Amino acid sequence: MKLWRVLWLLVTLGVLAQGFRVALFVVPTDAAQGDVQRIFYYHIPSWVGMGLFFAINLACSLLYLAVRNRNQTLALKADALAVTSAEVGVVFCLIGLVTGSLWGRAVWGIWWTWDARLTSTLVLWLIYVAYLLLRRFGAGPQMRTLAAVMAIFAYLDVPLVYMSTRWWRTQHPAPVFGGAPGSGIDPSMMPAVWWNMAGWVMWGIFVASLRYVSEYRAQKAEQDEGLRLLDAEHEIAGVAGTVGR
Amino acid sequence: MDMGHRHLVAAYAVTIVIHLVYVTYVAIKFRAAKKLAR
């Protein structure tokens, strides 16, 4: 592992440890909900991580579509990063759903409700799982183009998820960021949000950097193998043509 | 331990476990890619 990656991991683990300490032992307990509200400090960073990595997936998919016929190397890199960011985004989304459900059971008394925020988020997770299945079981440049187009459509659900608590009456609490005045959590609790947000986003970047290496190499090997087979086919066709004459 | 505390512990544990499972999968793939490159 490269030195910068080791250093990044060490700093990330330090930030995560600090986030854990601040979330559980430093910030005050919520007067209405009690300690269960501390789930937010892992729940909110998961959504921020998800939003960030799905945005990277969208940007890389657009870049892939733009350069795929002009710059093969850049297209391959963009495509590898698109797969990587979708995977990390799906992991964050899953954690957001599970931690939200655990909080809901303790506070609302139910594990799940089909309100606009929860339903649109579940749909988002399923769309990106479908995207990853397409990537896993499809092959070739057509699959990459199809996946890039699918990523654009998939991302349309992200603003829908974000705005769902504003557009519809939902059971979900008011937004922490960009909500109405007085919505969100108390400023004295924000350090726990900031530390954990920084820590988990840094962790996501670390994992994505590792995953990108293997994905890019696998795609490069697949492309090289395809070109080698194409060369061999041309060679055989050439020899057959010579013999035929 | 009441339900709120149980769920708080479960939420933190689930977050860490899911990330650890995924990073293990990523590390296995990373090592395989490194071996292939050699």
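Whatever comes next refers back to the structure up there.
A short tour of the structure in this document, coming up. Computed from a prediction, not measured in an experiment: that's the story for all the values here.

## Side note on the overall build of chain B
Part 1 of the argument: Of regular secondary structure, chain B possesses one helix and zero strands.
Part 2 of the argument: Each of the three principal axes of chain B carries a C-alpha extent, and together these read 55 × 10 × 5 Å.
Part 3 of the argument: Expressed as a percentage of the 38 residues in chain B, the buried residues total 18%.

## A short note on helix α3 (residues 72–107) of chain A
Residues spaced three or four apart along an α-helix face the same direction, because each turn holds 3.6 residues.
Residue and element names in this part refer to chain A.
Part 1 of the argument: The end-to-end C-alpha separation of α3 is 52 Å, in line with the 52 Å expected for 36 residues at 1.5 Å each.
Part 2 of the argument: The buried fraction of α3 is high, at 27 of 36 residues.
Part 3 of the argument: Among the residues trailing α3, Gly-109 stands out with phi positive, at a value near 90 degrees.

## Description of the environment of A:Tyr216
Residues and elements named next belong to chain A.
Part 1 of the argument: As for its position among the elements, Tyr-216 is in helix α7 (residues 190–244).
Part 2 of the argument: Taking the number of C-beta atoms within 10 Å as the measure of exposure, Tyr-216 has 18 and is therefore partly exposed.
Part 3 of the argument: Residues Tyr-216 and Trp-103, spaced 113 residues apart in sequence, show a C-alpha to C-alpha distance of 38 Å.
Part 4 of the argument: With near-sequence residues (within four places) excluded, Tyr-216 lies in contact with Leu-76, Lys-77 and Ala-80.

## Let's talk about the nonpolar core
Part 1 of the argument: Within the largest apolar cluster, 60 residues are counted, with the highest numbers of intra-cluster contacts made by A:Ile39 and A:Ala82.
Part 2 of the argument: Secondary-structure elements contributing two or more residues to this core are α2 (40–67), α3, α4 (116–137), α5 (140–155), α6 (157–167) and α7 of chain A together with α1 (3–37) of chain B.
Part 3 of the argument: With 18 residues, α3(A) is the single largest residue contributor to this core.
Part 4 of the argument: Excluding residues that lie within four positions of it along the chain, A:Ile39 makes contacts with A:Thr99, A:Leu102, A:Trp103, B:His7, B:Leu8 and B:Ala11.

## Details of the interface of chain B and chain A
Part 1 of the argument: Between chain B and chain A, the residue contacts involve 22 residues of the former and 23 residues of the latter.
Part 2 of the argument: A class-by-class count of the residues in the side of chain B that touches chain A yields 16 nonpolar, five polar and one charged.

## A short note on the packing of α4(A) against α6(A)
All names here are of chain A.
Part 1 of the argument: The geometry of α4 relative to α6 is characterised by a closest axis approach of 8 Å and an angle of 165 degrees between their N-to-C directions. On the basis of the axis angle, α4 is roughly antiparallel to α6. The handedness of the crossing between α4 and α6 is left-handed. Across the interface between the two elements, Ala-116, Arg-117, Ser-120, Thr-121, Val-123, Leu-124 and Ile-127 of α4 pack against Asp-157, Val-158, Leu-160, Val-161, Ser-164 and Thr-165 of α6.
Part 2 of the argument: The residue makeup of the contact of α4 with α6, split by class, is seven nonpolar, four polar and two charged.

## A short note on the environment of A:Trp167
Part 1 of the argument: Among the structural elements, A:Trp167 can be located in helix α6.
Part 2 of the argument: With 10 C-beta atoms packed within 10 Å, A:Trp167 lands in the exposed category.

## Section: the packing of α3(A) against α4(A)
Residue and element names in this part refer to chain A.
Part 1 of the argument: The interhelical angle for the contact between α3 and α4, taken along N-to-C directions, is 145 degrees, at an axis separation of 10 Å. The handedness of the crossing between α3 and α4 comes out as left-handed. Contacts from Val-83, Ala-86, Glu-87, Gly-89, Val-90, Cys-93, Leu-94 and Leu-97 of α3 reach α4 at Thr-121, Leu-122, Leu-124, Trp-125, Tyr-128, Val-129, Tyr-131, Leu-132 and Arg-135.
Part 2 of the argument: A breakdown of the residues in the contact of α3 with α4 according to their chemical character gives 13 nonpolar, two polar and two charged.

What counts, and at which threshold
- Residues numbered from 1 in each chain as written.
- Chains lettered and ligands numbered in written order.
- Predicted model: local features only at pLDDT ≥ 70, side-chain atom pairs only at ≥ 80, totals over all residues.
- Helix = DSSP H or I, 4+ residues; strand = E, 2+ residues; numbered from the N terminus.
- Buried ≥ 20, exposed ≤ 12 C-beta atoms within 10 Å, placed from the backbone.
- Expected span 1.5 Å × (residues − 1).
- Contact = placed C-beta atoms within 7 Å.
- Core = buried A, V, L, I, M, F, W, Y, C linked by C-beta atoms within 7 Å.
- Nonpolar A, V, L, I, M, F, W, Y, C, P; charged D, E, K, R; others polar.
- Axes fitted to C-alpha atoms, helices over the stretch in contact; angles between N-to-C directions.
- Parallel < 35°, antiparallel > 145°, perpendicular 65-115°, else oblique.
- Left-handed = near helix turned anticlockwise from the far one by under 90°.

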